[in-house]
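Coordinates in review
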Amino acid sequence: MAVEPGALTGAHDGDRQSRGRPAVESPPDGAFQSHVTGAHGLKPRDGGGGGTGPLVPVGRWPSGWTLEVRPLGGGVVPVERLSADDSLLLLSDGRWPQDVGVVAVVEGGTLRDGSGRPRVEAARKAVWHGLDAVPRLRQVLRVPPRVLGGPYWVDDPSFDLDHHVRVAPPLASGDDADLLTAIERIRSRRLDMRRPLWELWLLPGFRDGRLALFVRMHHVVADGVAGLATLATLLSDEASERPARAGEWSPRPAPSRGELLHDSLRSRSRALHGAMQAAAHPRASYASATQLWHGIRGLVTGAPGPVTSLGGLVGPHRRLAVVRAQLEDVAAVAHNAHVTVNDVLLAMIAGGVSALLRSRGEPVDGLVVPVLVPVSLRRPDHQAGLGNRISQMAVGLPVGEADPVARLRRISAGTTSAKALPHPSMGAVFSNRLLGALLLRLVIRKRINLLSADIVGPSRPLSFAGATVRDVFPLVNLLGDVTLGVGAISYAGRFELLVVADADLHPDVAVLASGAAAELASLVARVAPHCRARSRQGAEPVGVPHLQPTHKGIE
């Protein structure tokens with residue numbers, strides 16, 4: 001039985017649901033007033049000055065905008081539009097929710113009271129202190145009429161931290177399978193688009209007295225790199241040590257319809273000017289178009305991927321499995337084989353896919369299966385910026401190769417060739433609707449059913465509200481005919497994978513997880529025998545098709 005959208009809402013929580021939220025239209029000019037009440041006794045900052053106008057930003061600081069009272073009729077509220085890359089993610093959101101997230105396991109000591117219950121107020125206070133550094137988490141996304149331009153971000157005047165930091169029912173058995181079942185139950189509920197697009201759930205009852213956290217956010221908020229930076233900001237005790245100003249906040253006024261129209265006309269004027277410049281310099285335009293084509297050619301041309309049981313259309317339910325490994329093992333293989341850590345990850349995935357297909361009785365001899373690999377376009381000095389700055393490249397996985405070392409070397413050669421090509425922003429590629437629709441059809445015809453994402457995490461453990469974060473697993477999203485995804489992260493000496501699969505197409509995803517762990521063990525034995533192969537499968541796959549909704553008291 002599928003979980004209904006409201007299945008995880010506690011009986012006392014109805015007053016906080018979206019039906020009681022104000023309309024998304026901007027307030028009248030000059031009529032802005034803040035009615036925000038901070039959670040757990042933390043009050044929003046007063047606008048100060050005793051003026052009669054709304055608050056406006058007057059200066060940019062690392063933690064956000066500085067606010068002061070704007071006299072009635074004066075000043076202009078800046079409009080923060082959704083980028084082209086972020087807008088692309090909204091196109092498929094109606095059918096395939098574009099949520100990404102992180103599953104973490106933390107020590108329970110400081111996050112549990114004397115009776116063992118989670119201290120949700122301590123968690124909310126820790127998050128509140130980190131929000132100043134990530135203002136996007138207090139903003140909502142508004143979609144105006146087309147004449148007023150594209151979607152834009154605005155501070156949520158009714159921001160309620162209690163809604164975003166919540167407690168799930170205790171885990172029944174406290175093992176990985178039980179945890180992943182609970183994660184999928186939460187994931188199956190859509191984020192409320194009328195609120196800031198993120199949630200942090202505490203899941204009590206994990207083994208050894210520990211707690212689990214599930215942080216999820218919409219993909220328009222951040223890509224993998226930015227999402228990890230956001231998580232590191234929230235899961236850091238340094239946030240709670242900031243000055244008292246961290247407990248104060250006042251929402252900025254929303255731009256008026258006139259300001260939106262002005263911003264939209266200015267944007268269209270810039271686009272028209274760019275088109276005229278391109279027409280005036282045809283050689284430069286041709287060179288740019290050629291470079292763009294070289295960047296996407298691997299995604300849309302050539303022979304399509306093979307027809308296997310990996311194909312199909314992604315449905316609403318997922319099955320999950322985890323793989324735990326030691327980063328020392330992965331790094332040793334990469335170093336000794338003269339490849340990258342990402343190459344080792346792709347080899348693990350190839351071994352897992354090979355095991356999965358063999359278990360289904362499908363022939364794999366000579367089989368090469370393509371996988372999508374994100375390419376970060378972020379400069380080293382912009383790692384923490386929110387939004388999406390990624391491209392994609394397709395890499396062939398030789399799942400039919402019997403020798404693990406030969407497979408790794410073939411993968412390394414493929415990634416080296418793919419990296420040598422230019423990688424344009426996906427927003428730039430699909431910015432034109434007609435061209436974007438055509439290219440999307442070509443991508444679908446390539447039959448790419450796998451997605452891999454490798455994130456470099458902190459080398460030292462994070463802590464949240466005084467509790468050490470032990471494990472971190474990144475959750476990627478699926479869409480279209482990409483029915484299998486693997487998110488991996490190097491964190492505090494560990495290399496941890498979370499496999500997500502369409503539940504109906506891949507109920508046996510545990511076979512892939514076991515095959516990936518076995519592939520790494522084989523590589524360690526062959527390439528880095530001085531390291532002890534310590535990788536192990538962490539959990540059985542779980543999903544929600546046969547789960548009953550739970551109505552236990554969620555706080």
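Now for a quick tour of the structure. Bear in mind that the values here come from a model prediction, so they are computed numbers and not experimental data.

The next thing to look at is the overall build of the protein chain. Within the protein chain, the secondary structure is distributed over 14 helices and 18 strands. Contacts in the protein chain between residues at least 24 apart in sequence constitute 78% of all its contacts with a sequence separation of at least 6. Here the protein chain displays about 24,400 Å² of accessible surface, and carbon together with sulfur accounts for 56% of that area.

Here we come to the nonpolar core. Membership of the largest hydrophobic core comes to 53 residues, with the highest contact counts inside it found for Leu-397 and Leu-484. Ranked by residues supplied to this core, first place goes to helix 10 (residues 341-359) with ten residues. Excluding residues within four positions of it along the chain, Leu-484 makes contact with Leu-310, Leu-356, Asn-449, Leu-450, Leu-451, Leu-478, Val-499, Val-500, Ala-501, His-506, Val-509 and Leu-512.

So, about the sheet that holds strand 4 (residues 99-106). Overall, mixed pairing links the six strands, which are arranged 7-8-9-4-15-14 in an open sheet. Each edge of the sheet is formed by a strand with only one pairing partner; in this case those strands are strand 7 (165-167) and strand 14 (463-464). Here strand 4 runs beside strand 15 (residues 467-475); their pairing, made up of six bridges, is antiparallel. Bridge pairing in strand 15 places Gly-101 opposite Leu-475. Packing against the sheet, helix 4 (residues 176-187) makes contact with strand 4, strand 8 (198-206), strand 9 (210-218) and strand 15, and its axis sits at approximately 155 degrees to strand 8.

Aromatic rings in a pair are described by how distant their centres are and how their planes are angled relative to each other. In total, this model carries two aromatic pairs according to the counting rule given. Considering the side-chain rings of Trp-128 and Phe-159, the 6.4 Å spacing of their centres and the 35 degrees angle between planes classify their relative orientation as tilted. Here Trp-128 is found in helix 2 (residues 120-130), whereas its partner Phe-159 is found in the loop between strand 6 (152-155) and helix 3 (161-164), with 31 residues between them in sequence. Residues Phe-159 and Trp-249 carry aromatic rings whose centres are separated by 6.1 Å and whose planes lie at 70 degrees to one another, so their mutual orientation is edge-to-face. You can see Phe-159 sitting in the loop between strand 6 and helix 3 and its partner Trp-249 sitting in the loop between helix 6 (237-240) and helix 7 (257-280), a full 90 residues away along the chain.

This brings us to the packing of helix 10 against helix 11 (residues 404-419). The contact between helix 10 and helix 11 brings their axes to 9 Å, and the two run at 125 degrees. Comparing their axes, helix 11 and helix 10 come out oblique. The chirality of how helix 10 crosses helix 11 is right-handed. On helix 11, the residues touching Asp-343, Val-344, Leu-346, Ala-347, Ala-350, Gly-351 and Ser-354 of helix 10 are Arg-407, Leu-408, Ile-411, Ser-412 and Thr-415.

Scoring rules and cut-offs
- Along each chain, numbering runs from 1 in the same order as the chain's sequence is written.
- The predicted origin of the model limits local features to residues at a pLDDT of at least 70 and limits the giving and counting of side-chain atom pairs to 80 or more, whereas totals for whole chains, interfaces and linings rest on all residues.
- The side-chain values count all of the structure's non-hydrogen atoms but skip hydrogen atoms and water molecules.
- Note on conventions: DSSP H or I runs of at least 4 residues are helices, E runs of at least 2 residues are strands, and numbering of each starts at the N terminus.
- Throughout, a residue-residue contact means that at least one pair of heavy atoms, one from each residue, lies within 4.5 Å.
- All accessible-area figures derive from a Shrake-Rupley calculation using a 1.4 Å probe, and residue coverage is judged against the displayed protein chains alone.
- For the purposes of this section, nonpolar cores are sets of buried Ala, Val, Leu, Ile, Met, Phe, Trp, Tyr and Cys residues that join through side-chain atoms within 4.5 Å.
- Relative accessibility decides the category of a residue: with a 1.4 Å probe and only protein chains considered, values under 20% of the type maximum give buried, values over 50% give exposed, and everything between is partly exposed.
- Only strands that DSSP links by at least two bridges are regarded as paired with each other.
- Helix axes are fitted to C-alpha atoms over the stretch in contact, other axes to C-alpha atoms as well, and angles between N-to-C directions run from 0 to 180 degrees.
- A pair of Phe, Tyr and Trp rings is counted when the ring centres sit within 6.5 Å of each other, with Trp represented by its six-membered ring. The angle between the planes then sorts it: under 30 degrees is stacked, over 60 is edge-to-face, the rest tilted.
- Reported orientations rely on four angle classes, namely roughly parallel under 35 degrees, roughly antiparallel over 145, roughly perpendicular from 65 to 115, and oblique for the rest.
- Working rule for handedness: look at the near helix, and if it is turned counterclockwise from the far one by less than a right angle, call the crossing left-handed; if clockwise, right-handed.

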